[in-house]
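Secondary and tertiary structure notes
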Amino acid sequence: MRIEEIFQKKNKMYECEPICCDDPQPLIPDGIYQAQVLKWERGRYYNQTKLYLWFEIISPGRAFETKLFMVLNLNGNKVGYGSKYYRSWVIANHGIRPRRNDRLSPKIFLNKVFKVKVETVKRSYTGESVPEYLQYSVIREILDLEAGS
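All residue numbers here refer to positions counted from 1 along the written sequence of the relevant chain. Side-chain atom pairs in this predicted model are given and counted only at pLDDT of 80 or more, local residue features only at pLDDT of at least 70, and totals for whole chains, interfaces and linings cover all residues. As a convention, hydrogens and water are excluded, and side-chain values are obtained from all of the structure's heavy atoms.

Okay, the side chain of Thr120 next. When you line up the elements, Thr120 lands in strand β4 (residues 113–121). Polar contact is defined as a pair of N or O atoms within 3.5 Å, subject to the rule that within protein one atom must be able to donate a hydrogen and the other to accept it, and that residues adjacent in sequence are counted only when both atoms are side-chain atoms. One polar contact links Thr120 to Asp30, side chain to side chain, over a distance of 2.6 Å. When checking whether two residues touch, look at their non-hydrogen atoms; a contact exists if any pair is within 4.5 Å. Contact partners of Thr120, with chain neighbours within four places excluded, come to Leu27, Ile28, Asp30, Gln135, Tyr136 and Ser137. Comment: elements are numbered from the N terminus, with helices defined as DSSP H or I runs of at least four residues and strands as E runs of at least two.

As structure tokens, this is what we get:
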């Protein structure tokens, strides 16, 4: 191989044009909205198990059909009555509390309409401020069950 070819190959290795793999997260005004759960996903973040609930806003207005997520912590296979998952699950279960050792399936959230609180993420997980142009909306909590069986 000639020196010129080696030099060209080496330069190509340093060319880097990464491709963005996500759409920007939506930003809507903070407030109370009606939203329907479309799906749920289990994931891991910093060695913790999380449940991601994906909602679609169905309140009329500018935010209509905006898709947002809510993150719920799952500490292994057990959740206590003080956890956000427990509170949300009880609301989805029409206010009926589970008994000890009952299984709390996330399927209970599907196809139900909830009153939810939407907030803007202004701080990262480390506590640092997020610049205004990188802020996005999330569903912070489920307030009430509006419709669904």
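Once the structure has been displayed, the description carries forward.
Turning to helix α2 (residues 84–92), a few remarks are in order. Type-normalised accessible area, obtained with a 1.4 Å probe on protein chains alone, sets the label of each residue: buried when under 20%, exposed when over 50%, and partly exposed for intermediate values. Those residues of α2 that fall on the buried side of the exposure criterion are Tyr85, Tyr86, Ser88, Trp89, Val90 and Ala92. Turning to α2, the residues buried within the fold contact β2 (48–57), β3 (67–74), β4 and β5 (136–147). Once α2 ends, the next one or two residues include His94, with phi positive near 60°.

This part takes up the packing of aromatic side chains. The rule is short: rings of Phe, Tyr and Trp, with Trp giving its six-membered ring, pair when the centres are within 6.5 Å, and they are stacked under 30 degrees, edge-to-face over 60, tilted in between. A full pass over the atoms with the stated rule returns 5 aromatic pairs. Ring geometry for Phe55 against Phe114: centres 6.4 Å apart, planes inclined by 75°, an arrangement best described as edge-to-face. Taken together, the residues span a long stretch of sequence, with Phe55 in strand β2 and Phe114 in strand β4 at a distance of 59 residues. A residue is classified by how much of its surface remains accessible, and Phe55, at 0% relative accessible area, is buried. Residue classification places Phe114 among the buried residues on the basis of a relative accessible area of 0%.

Before going further, it helps to spend a moment on the layout of surface pockets. As defined here, a cavity is a set of points on a 1 Å grid over the protein atoms alone where a 1.4 Å probe fits but cannot get out. A pocket is an open set with protein on both sides within 12 Å along at least five of seven lines, and residues line them when an atom is within 4 Å of a point. Grid points are joined across faces, edges and corners, and a volume is the space filled by probe spheres set on the points. If you add up the space inside the largest pocket, you get close to 660 Å³. Taken together, 20 residues form the lining of the largest pocket, with Asn77, Lys78, Val79, Asp102 and Leu104 sitting closest to its centre. Three categories are distinguished: nonpolar for Ala, Val, Leu, Ile, Met, Phe, Trp, Tyr, Cys and Pro, charged for Asp, Glu, Lys and Arg, and polar for the others, with Gly belonging to the last. Its residues placed into classes, the lining of the largest pocket shows 9 nonpolar, 5 polar and 6 charged. Here the second largest pocket defines a volume of roughly 540 Å³. What lines the second largest pocket is a set of 18 residues, among which Tyr45, Phe69, Val71, Tyr125 and Tyr136 lie closest to the centre.

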